[in-house]
Amino acid sequence: MSRFLNKKYEKLKSYTPGEQPRDMKYIKLNTNESPFPPSPLVAKAINSKEISMLQLYPDPQCGELCEKIAELYSVKQENVFVANGSDDILNFAFMAFCGDRKKAVFPEISYGFYKVFSDLHNIEYTAVPMMEDLSANYKDYCKDKGFVVIANPNAPTGIALSVSEIEEIVKNNLQNVVLIDEAYVDFGAESCYPLINKYDNLLVVSTFSKSRSMAGARLGFAFGQKELIDDLNKLKYSTNPYNVNRLTLAAGVAAISDNDYYMDNCKKIIKLREYVTEELSEQGFDVIPSKANFLFVKNKKLEGEFLYSELKKRGVLVRHFSDEIIKDYIRISIGSKDDMDVLLEITKIIIKMGDIYEN
Ligand SMILES: *Cc1c(COP(=O)(O)O)cnc(C)c1O
């Protein structure tokens, strides 16, 4: 820390991204990226013509992309917001919709950035305890009100709420914005975005990073009534009006035009997820039924930290969190079939080792 840093940031604990190591080639199952490349139309869209235009600023309204997203989801363009990854949108939303006397409310076990944004913007928050099975009970968010933020499906558990449960939360918080983070919704949960037509307090946030294979391009989008979208734009235009670059805009338009390709990939990932769930259960793991592109698993005999490091030694990266109530778990992204078969071979070996220690 320099002696110049504003005091209010002295104690800020920033977000810890999953490792992106470059020391050796790992099978990367730690940050929920897609095993599939972007659509071929994306590669075509990032062409020399587009590159030759990089001297010009991109369209700050992201008009063409918003129009294409609106078309695909059958909403109006005024109901769509795009930004530099959904993290960017979450940041604007925490700035816009809480603070003063309004606290943020989110599950205790969820996406780590919610706490970071609360701290960054000096917002009080309630981290709502989970149920025994690590699910979130929607009723808790109907009683304890505020700017409610819920990842659905949740990360890192993969457990999803139903749209009717979300509607209850929205209905019971008419004085607050309810933000549903649908980063993983394409992997088997139901999206609640059609509810924006009925409720002016619902903001649904999504991303091109997971199901649309573009984590490296940084592109997120959100749905809400016009007034909410206008608020987000106010903050965007006060921070960085050109937050989505020209190449990413072109990539996004191309990706939206090849939606079937991505939805097919999601089906393949879901199928593989079910296969790995079965195999790991057979090996003795407790696997939380997941609606996302990852599995949250534990093994009674082996500590989460041990599983993580033994896998890493053998070239497979997964994610381990040290929070007390989930420290026994590891989170495994669903990669390619080959990668998952390697994982399953290695977990078998690690379990055998555990058996040897035990005897
Ligand atoms: C990955 C993830 C994001 C961040 O997505 P970006 O669009 O890459 O910024 C947001 N929310 C959740 C729950 C995520 O897992």
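Small disclaimer: the values here were computed from a predicted structure and weren't measured.

Trainee: Please explain the pairing of strand β12 (residues 329-333) as it appears in this structure.
Mentor: Along any regular strand the residues' side chains alternate between the sheet's two faces. Most of β12 sits inside the fold, with five of its five residues counted as buried. Judged by which residues are buried, β12 turns out to be covered on both faces: Y329, R331 and S333 on one side and I330 and I332 on the other are all buried.

Trainee: For this particular structure, what's the right way to read unusual backbone geometry?
Mentor: Negative phi characterises most residues that are not glycine, and trans characterises most peptide bonds. Here the bond from N152 into P153 is cis, since omega is -5°, no more than 30 degrees from zero. Mapped onto the fold, P153 is located in the loop between β5 (147-151) and α7 (163-171). Cis geometry is found at the peptide bond from A155 to P156, where omega equals 5°. Mapped onto the elements of the fold, P156 is located in the loop between β5 and α7. We note that S213 has phi near 55°; this positive angle belongs to a residue other than glycine.

Trainee: Teacher, can you tell me more about the environment of Y237 here?
Mentor: Mapping Y237 onto the fold places it in helix α8 (residues 226-237). Along the backbone, Y237 and R273 are 36 residues apart, and their C-alpha atoms lie at a distance of 41 Å. Residues contacting Y237, with those up to four places away along its chain left out, are P60 and Q61. Here the side chain of Y237 touches P60 through a polar contact of 3.4 Å, landing on its backbone oxygen.

Trainee: Help me understand the pairing of β5 in this model?
Mentor: The element β5 is largely enclosed, with a buried count of five among its five residues. The two faces of β5 match: F147, V149 and A151 on one face and V148 and I150 on the other face are all buried. With two bridges joining them, strand β3 (residues 104-107) and β5 adopt parallel strand pairing. Among the inter-strand pairings, V105 is bridged to a residue of β5, identified as V148. Note: β5 against strand β6 (residues 178-181), four bridges, orientation parallel. From the neighbouring strand, A151 faces β6, where its bridge partner is D181. With α7 bridging β5 and its parallel neighbour β6, the resulting β-α-β unit is right-handed.

Trainee: What should I look at first to understand a nonpolar patch on the surface in this one?
Mentor: A cluster of nonpolar residues, M1, L5, Y9 and L12, forms a patch on the protein surface that exposes about 380 Å² of accessible area. Within the fold, L5 resides in the segment before β1 (27-28).

Trainee: What's the story with the site of the ligand in this structure? I'm lost.
Mentor: Surveying the vicinity of the ligand reveals the residues G85, S86, D87, Y111, D181, A183, Y184, T207, S209, K210 and R218. In the model, an oxygen atom of the ligand is placed 2.5 Å from a nitrogen or oxygen of the Y184 side chain. Within the side chain of T207, an N or O atom sits 2.5 Å from an oxygen atom of the ligand. Isolated, the ligand exposes 390 Å² of accessible area, and the fraction of that covered by the protein chains is 93%.

Trainee: It is not clear to me how the sheet that holds strand β10 (residues 294-298) should be interpreted in this structure. Could you clarify?
Mentor: Backbone hydrogen bonds are what pair the strands of a sheet, in a parallel or an antiparallel way. A sheet is described by the order of its strands in space; here three strands give the open sequence β9-β10-β12, paired in antiparallel fashion. In this open sheet, the two strands that pair with only one neighbour each are β9 (286-287) and β12.

So, how was this worked out
Residues numbered from 1 in each chain as written. Predicted model: local features only at pLDDT ≥ 70, side-chain atom pairs only at ≥ 80, totals over all residues. Heavy atoms only, no water. Buried < 20%, exposed > 50% of the residue type's maximum accessible area, 1.4 Å probe, protein only. Helix = DSSP H or I, 4+ residues; strand = E, 2+ residues; numbered from the N terminus. Contact = heavy atoms within 4.5 Å. Polar contact = N/O pair within 3.5 Å; in protein donor to acceptor, adjacent residues only side chain to side chain. Pairing = 2+ DSSP bridges. Right-handed = clockwise from strand over helix to strand, strands pointing away. Patch = residues over 30% accessible without salt bridge, like charges linked within 9 Å, V, L, I, M, F, W, Y side chains within 5 Å. Areas by Shrake-Rupley, 256 points an atom, 1.4 Å probe, with all protein chains shown as cover. Salt bridge = Lys/Arg side-chain N within 4 Å of Asp/Glu carboxyl O. Near = heavy atom within 4 Å.

Take it as geometry only, folks, not as evidence of what the structure does.
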